[in-house]
Amino acid sequence: MSRSRVPLLLALLLIAPSAAQAAPAWEPDANLQLPDAVQLQSHHVQLADLNHDGHADILFANSALTDTPTGNGKNQPNQLLWNDGNTGFTPDMVVFTDPDDVTVLRTGDLDGDGNLDVVGGATWGGNSYILMGDGVGGFSPGPALGTTARVGDIDLGDVDGDGDLDLVLTDFGTKQVLGGFDDPGGPIELWLNQGDGTMVNAVDQGWTVPGLLVGWSNDVSFVDIDNDFDLDILVMSRGGGADDIVDFPRGRLYINEGGDTFSYSDMDALPQAKYCPGAAYNDFNRDPQNPWDGDLQLDFFTLQLGGSVMDLARRNRVLTNSGGTLMTAPGFLTAPADAVGLDMVAAFLDHNNDGRPDVLLGGQQVNPVNAARLLYLEDGTHFDLEVEDPLPLDTDLIDIFDMQLADVNGDNKVDVIVAQQGQGLLNQLLIANDATPADTSPPVIGHYEIIGEAVKGGTLSLRARVNDYKNPVALHDWWWDDVEGDYWEPWVEYAADVTIPEFLALDDADKVRQYTEWYGEYMWIANIVKLPIAETFVYRFCARDRAGNQACTDPVAVDLIDPTCGDGKVEGLEECDDPNDPTCIDCFQCGNGICSYPSENNDNCSEDCFCGDGVVDENAEECDEDSVECVNCMICPDGNCDTDSNSDSNTDSNTDSNTDSNSDSNTDSNSDSNSATDSNSDSNSDSNTDSASASATDSATDSLGELDDDGCGCQARGPQAPVWSALALLGLLGLRRRRR
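The model shown is predicted, which means the values in this text are computed figures rather than measured ones.

J.: What am I meant to see in the overall build of the protein chain here?
T.: Secondary structure assignment for the protein chain yields five helices and 39 strands. Looking at the protein chain as a whole, 55% of its 740 residues are labelled buried. Of the contacts made within the protein chain by residues no fewer than 6 positions apart, 57% connect residues no fewer than 24 positions apart. Accessible area for the protein chain stands at about 30400 Å²; split by element, carbon and sulfur atoms hold 50% of it.

Next up, the structure:
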């Protein structure tokens, strides 16, 4: 512990009110303990399912807590602990073998391959880095992260709307790990992802990002402060200074103005933003009974906000959001919930299942104010001190620097993982006991929108704010499907040409489900590749949390419009955007490099239409692969049984028999197969699809006995081929790997 803290701690001991003892809501479990690492000092903890097995793993970022000169004396190995399927944790011995001075580790899919990657932020003299994950627990060095900042915190989010995760980081300052109130620090840095995990500095790309100093900062977040669905930046600072000195290091709020510009929101929008180690966000005035009647804006719980270095009034404060301006709300925190303390982290959960975010506080032990307290949000108007000692009164739990929550043992209760910064103190896993009820509270879906117009056959994006009370949001917050082997991220479900009552009466199998992708804060985006060709469609957002609680918005009916020919966009059924064409459908623009089939084809426009142009001309081609004139393609299944191609074995075995018997065999079996296909086409159940597929396969094998060039059965030939091709396509779509 720093000696500079001792006078303040003694003063707090003298004035702090007495606290009654209470039974903890979380406690150690002898069968679920973290491996001992007493020599390590942790700054941040990150939970993430890094091997995609349905269980949250643990990352600890470690660095020695000393003010020694820059050098290897600070370096310590980081930790990756694998969750053994709710039974314990095993240390990884491969990923973090070399010590470094990284103080923060964050996870996200940086290259769009569906696997979580890791970003490590180093402090003094170390190199920050990116590790690319393979989805099964392996990691390899990724693109270099070219910052020289002494990183205090990192957050990820898609700030430029191009579909990949960018990052923002803070420059901690020059005063080493212990920091200092007067440390000037440095400006935040915004790095833009190029799609493969390569990061380039936004300022170098012509972006406007304010260069104001932020000193001693351990907390930066992408947040949508003004509900315009893009990401703003909130950075908190433990530094201080006079309120009228704009350039003095303090907390900052930067507003995303769209395009490539962030602007500094003046100090009135972020009151007293100094001496504050962090802030957590949620919607405090949301009414669970009328969830979309409130302001749907993020409010903030800030720690040790305001005052001065020795000011004993450094209490936590609630900042409520009014159109993007944050205002102090004294009534939200009154005694004893606002006890003086040294809280370092606030973690949200709905502990009492009332549909409102409660907050678990963690920090330094300041007797008689404990290292952790649990506050309940009552009626959306104020926080009450519910449990004064939610974590065990243990002399070894006295310096909580970071904390994250997740169900790590599969009992549908939220557990607590604690990172302790003090030398000789162990990180701890605390399991929810009988004082913590099982989670029965459904997820929260806030404001949502459609981006642009809904065009028949066109693309459409929809965005929503969705969370399960906790922040940061994580993949393992959501339902794990054991059969599919994947998470159910929040999704959009929709159906065409139905009324809202008809939509609500539909089975899940009769609706289309489009999963969303996370792009920062609690924000999710769904991209529908092709809307139905219909007059209307009805949609809603849904989410199911890890415990199986599900929430959906009210359905919304949307009129689908015809594309506008000549508006500069090719969308929906359009093949071109020629204002001289009355429909933009039967386009004939030979020579533009695009084969607008069927109006253009191999015969009337060989300049654009040819074998390998990406279009199959049904009058001249069997495929569009690299073969002789796109015939005899030897593609299975392709709807063509190429029995007369160049396969010697197939030619020898089938030439004679095919001449006489194949006609009768195909006639009988195809007739039977077609009737089976017709009868099954009315059913949407998985079982009928499976049985129909199996029946068709058996029929092809037994009655046809005929092989394609590559040994494929010839069942794909005949009138039923389009049906099976469609089923095959649906099967491929069902095997998609979603980005994490």
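J.: What should I look at first to understand the sheet that holds strand 1 (residues 26–27) in this one?
T.: By definition, the strands of a sheet pair up through backbone hydrogen bonds, in either a parallel or an antiparallel sense. Read from one edge to the other, the open sheet built from four strands follows the order 1-28-27-26, with strand pairing classed as antiparallel. Two strands bound the open sheet, and with one partner strand each, they are strand 1 and strand 26 (400–406). Note that strand 27 (residues 415–420) and strand 28 (residues 428–432) share three bridges and pair antiparallel. Looking across to strand 28, one finds that V418 is bridged to Q428.

J.: Which parts of the structure should I look at to understand the nonpolar core?
T.: Across soluble globular proteins, you tend to see nonpolar side chains buried next to one another. Core analysis: the biggest nonpolar cluster contains 52 residues, and L110, V119, I154, L167, F300, F537 and Y539 have the highest contact counts within it. When sequence neighbours within four positions are dropped, the list of residues in contact with F300 reads V223, I225, L234, A279, A280, Y281, F284, R317, V318, L319 and L326.

J.: Before we go on, may I ask you to explain the pairing of strand 33 (residues 491–496) in this structure?
T.: Side chains on a regular strand alternate between the two faces of the sheet. The buried fraction of strand 33 amounts to five of the six residues, a majority that puts the element mostly inside the structure. Where strand 33 and strand 34 (residues 512–515) come together, four bridges link them in antiparallel fashion. Note on strand 34: the bridge partner recorded for V492 is Q514. With six bridges joining them, strand 33 and strand 37 (residues 536–544) adopt antiparallel strand pairing. Within strand 37, the position partnered with Y494 by the bridge is Y539.

J.: I would appreciate a short explanation of a nonpolar patch on the surface in the present structure.
T.: Residues I533, L573 and I585 make up a contiguous nonpolar surface patch of roughly 250 Å² in combined accessible area. One can find I585 in the loop between strand 39 (556–559) and helix 3 (648–680). Overall, the relative accessible area of 33% leaves I585 in the partly exposed class.

J.: How should unusual backbone geometry be read in this particular structure?
T.: Note on backbone geometry: most residues besides glycine have negative phi, and most peptide bonds are trans. The linkage connecting N471 with the following residue, P472, adopts the cis geometry, with an omega of 10 degrees. With respect to the helices and strands, the residue P472 is situated in the loop between strand 30 (460–467) and strand 31 (480–481). Even without being a glycine, D379 presents a positive backbone phi close to 60 degrees. On the secondary structure map, D379 appears in the loop between strand 24 (372–378) and strand 25 (382–387).

J.: Honestly, the packing of aromatic side chains in this entry has me stumped. Any pointers?
T.: Each pair of aromatic rings is reported with the distance of its centres and the angle of its planes. Following the criterion strictly, the structure yields 17 aromatic pairs and no others. Ring centres of W478 and W524 lie 5.9 Å apart, and the angle between their planes is 80 degrees; on these two criteria the pair is classed as edge-to-face. In this pair, W478 is assigned in the loop between strand 30 and strand 31 and W524 in strand 36 (residues 523–528), connecting sequence segments 46 residues apart. Side by side, W478 and W524 carry an identical accessibility label, which is buried. Judged by centre distance (5.7 Å) and plane angle (90 degrees), the rings of Y494 and F537 are edge-to-face. Of the two residues, Y494 sits in strand 33 while F537 sits in strand 37, which places them 43 residues apart along the sequence.

J.: Would you mind going over the side chain of N78 with me for this structure?
T.: By the secondary structure assignment, N78 is in the loop between strand 3 (57–62) and strand 4 (79–83). On the accessibility criterion, N78 (4% relative accessible area) is buried. A distance of 3.1 Å separates polar atoms of two side chains, one belonging to N78 and the other to D100. Reaching out from N78, the side chain makes a polar contact with the side chain of Y129 at a distance of 3.2 Å. Not counting chain neighbours up to four residues away, the residues in contact with N78 comprise F60, A61, N62, F96, D100, V102, L105 and Y129.

Basis of the calculations
- Residues numbered from 1 in each chain as written.
- Predicted model: local features only at pLDDT ≥ 70, side-chain atom pairs only at ≥ 80, totals over all residues.
- Heavy atoms only, no water.
- Helix = DSSP H or I, 4+ residues; strand = E, 2+ residues; numbered from the N terminus.
- Buried < 20%, exposed > 50% of the residue type's maximum accessible area, 1.4 Å probe, protein only.
- Contact = heavy atoms within 4.5 Å.
- Areas by Shrake-Rupley, 256 points an atom, 1.4 Å probe, with all protein chains shown as cover.
- Pairing = 2+ DSSP bridges.
- Core = buried A, V, L, I, M, F, W, Y, C linked by side-chain atoms within 4.5 Å.
- Patch = residues over 30% accessible without salt bridge, like charges linked within 9 Å, V, L, I, M, F, W, Y side chains within 5 Å.
- Salt bridge = Lys/Arg side-chain N within 4 Å of Asp/Glu carboxyl O.
- Phe/Tyr/Trp six-rings, centres within 6.5 Å; stacked < 30°, edge-to-face > 60°.
- Polar contact = N/O pair within 3.5 Å; in protein donor to acceptor, adjacent residues only side chain to side chain.

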